[in-house]
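Descriptive structure summary
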Amino acid sequence: MPRIRVMIVDDEEDLVSILVERLQFRGYQAEGVLSGKEAIAKAAVQEFDIAVIDVKMPEINGIETLRRLKKIKPSMKVILLTGHGCEAEGEEGLAEGAFDYLIKPVNIEEITAKINSALGISSRE
Amino acid sequence: MESIFDEQIRFFASVTASVTHELNNVIAVTNEVVGLLGDFIEEGASNRAVPPEALKKVHNRLSAQVSRGQMIVKRLNRFAHTADEKMRTFDLVPVMENIVGLCERPAGLKKVKLDFRPGVASLMLNGNPFLLQLCFYQSLRLVLDSGCSGDILTISINSDDGSAGIAISGLDKGGIDAVGLGLAKLAGIMKELHGELRLIDDGRSLAIFVPSLD
């Protein structure tokens, strides 16, 4: 089975690097970027199966990043990360085509379960 | 029109929401670092050696998040205590240093950095520190929302003949009119503070002037 290509998008540099490391540890082909702008540029030149995007980011927020990604890569799945009390943003993301949203802080098992569910995978090999 | 009391509640709520979002990020990172440590333990259990550098990195990451969390809580606590008394004698410099620190995140979301340059070591005022911070916060929002800000906004404090001036400098020419139009919204607060809010330096700075004891 080919490795799942995941892009992590969050302006929290530490969070991105650790999530990437932990996803790689679990066999995913994970890469991270620190802004919506970088995510759009990367998706234009590289294939990803799924993106995990934080909603609250400077300049281009997660919802706008989702909209732009869906324009250039309609088949790419997107999971949003939002904060407590910001569920409305998650719902807005669903209306814009996100597969689902998770409320921070999330653990790696929740993320991998959601990634697998979005890609129709019942369990990791 | 919204009363000053309503504005104060909204201000407190807005700062609290921003700070708790930042704390949530600290918890999220800490959560992942702890998880990473769990991954290493799992690796160790499988007889795969974990390099000492990797463990050192985990230690440094955890220490950094603890320090970050402590700073955020300290700032919020100091801010909350400025609402203890309506009128009091206080030093403007640490109060401003604290609120500028709390404004780093909302400014950062607009890709703007705040550079605090007090100019004086201490400046005593008799007044309402909470209301003064509200005035600064609203003024900063006005500048950030006008889209006229550059990459860095400098926050300075000056003292001149019984008056304290807090200036937000680094405004672009294009946004001066937008900021100017919003000044009227803060008239009620300025009246309460017995102060004045105006654009100075050919519109490159927005300044709050309030009476000082020095």
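Structural notes, computed from the coordinates. Just so it is clear, the model here is predicted, and its values are computed rather than measured.

1. Looking at the overall build of chain B
In terms of regular secondary structure, chain B is built from seven helices and seven strands. By residue count, 44% of the 214 residues in chain B fall in the buried class. For chain B, long-range pairs separated by at least 24 residues make up 73% of all intrachain contacts whose partners lie at least 6 apart in sequence. Accessible area for chain B stands at about 10900 Å²; split by element, carbon and sulfur atoms hold 55% of it. Taking the average location of the 22 positive side-chain charges in chain B and that of its 26 negative ones, the two points are 4 Å from each other.

2. Describing the interface of chain A and chain B
At the junction of the two partners, chain A supplies 22 residues and chain B supplies 22 residues. Across the chain A to chain B interface the summed buried area is about 1900 Å²; carbon plus sulfur atoms make up 56%. On the chain A side of the interface with chain B, the three residues burying the most area are Ile-18, Arg-22 and Phe-25 of chain A, jointly 28% of the side's total. Between the two partners, chain A and chain B, sit five salt bridges. In this structure, the salt-bridge partner of Arg-22 of chain A is Glu-32 of chain B, at a minimum N-O distance of 2.9 Å. Between chain A and chain B we count eleven residue pairs in polar contact (both at pLDDT 80 or more) in total.

3. Some points on the sheet that holds strand S5 (residues 100-103) of chain A
All names here are of chain A. Judged by pairing direction, the sheet is parallel, and its five strands sit side by side in the order S2-S1-S3-S4-S5 without closing on themselves. In this open sheet, the two edge strands, each paired with only one partner strand, are strand S2 (29-33) and S5. Averaged over all pairs of adjacent strands, the angle between strand axes in this sheet comes to 20°, irrespective of strand direction. In this sheet, strand S3 (residues 50-54) lies alongside strand S1 (residues 5-9) in parallel orientation, the contact comprising four bridges.

4. A word on helix H3 (residues 92-102) of chain B
Because the α-helix completes a turn every 3.6 residues, residues three or four places apart line up on one side. Residues and elements named next belong to chain B. For H3, a buried count of nine out of eleven residues is recorded, marking the element as mostly surrounded by other parts of the structure. Within the span of H3, buried status applies to Leu-92, Val-93, Val-95, Met-96, Asn-98, Ile-99, Val-100, Gly-101 and Leu-102. With a side-chain oxygen lying 3.1 Å from the backbone nitrogen of Val-93, the N-terminal cap of H3 falls on Asp-91.

5. As for unusual backbone geometry
Note that the residue after Lys-104 of chain A, namely Pro-105 of chain A, is joined by a cis bond; omega there is -5°. Unlike most non-glycine residues, Asp-201 of chain B shows phi in positive territory, near 50°. By the element assignment, Asp-201 of chain B lies in the loop between strand S6 (196-200) and strand S7 (205-211).

6. What to know about the pairing of strand S4 (residues 77-82) of chain A
All names here are of chain A. Where burial is concerned, most of S4 is hidden: five out of the six residues are buried. By the bridge criterion, five bridges tie S3 to S4 in an arrangement that is parallel. The residue of S4 that forms the bridge with Ile-53 is Leu-80. With respect to chirality, the unit in which S3 leads through helix H3 (residues 62-72) into the neighbouring parallel S4 is right-handed. Both S4 and S5 contribute to a ladder of four bridges, which runs parallel. The residue of S5 that forms the bridge with Thr-82 is Ile-103. As a crossover connection, the stretch from S4 through helix H4 (residues 87-95) into S5 is right-handed.

About the criteria used
Residues numbered from 1 in each chain as written. Chains lettered and ligands numbered in written order. Predicted model: local features only at pLDDT ≥ 70, side-chain atom pairs only at ≥ 80, totals over all residues. Heavy atoms only, no water. Helix = DSSP H or I, 4+ residues; strand = E, 2+ residues; numbered from the N terminus. Buried < 20%, exposed > 50% of the residue type's maximum accessible area, 1.4 Å probe, protein only. Contact = heavy atoms within 4.5 Å. Areas by Shrake-Rupley, 256 points an atom, 1.4 Å probe, with all protein chains shown as cover. Lys, Arg positive; Asp, Glu negative; His and termini not counted. Charge placed at Lys NZ, Arg CZ, Asp CG, Glu CD. Buried area = accessible area lost by both parts, 1.4 Å probe. Salt bridge = Lys/Arg side-chain N within 4 Å of Asp/Glu carboxyl O. Polar contact = N/O pair within 3.5 Å; in protein donor to acceptor, adjacent residues only side chain to side chain. Pairing = 2+ DSSP bridges. Axes fitted to C-alpha atoms, helices over the stretch in contact; angles between N-to-C directions. Right-handed = clockwise from strand over helix to strand, strands pointing away.

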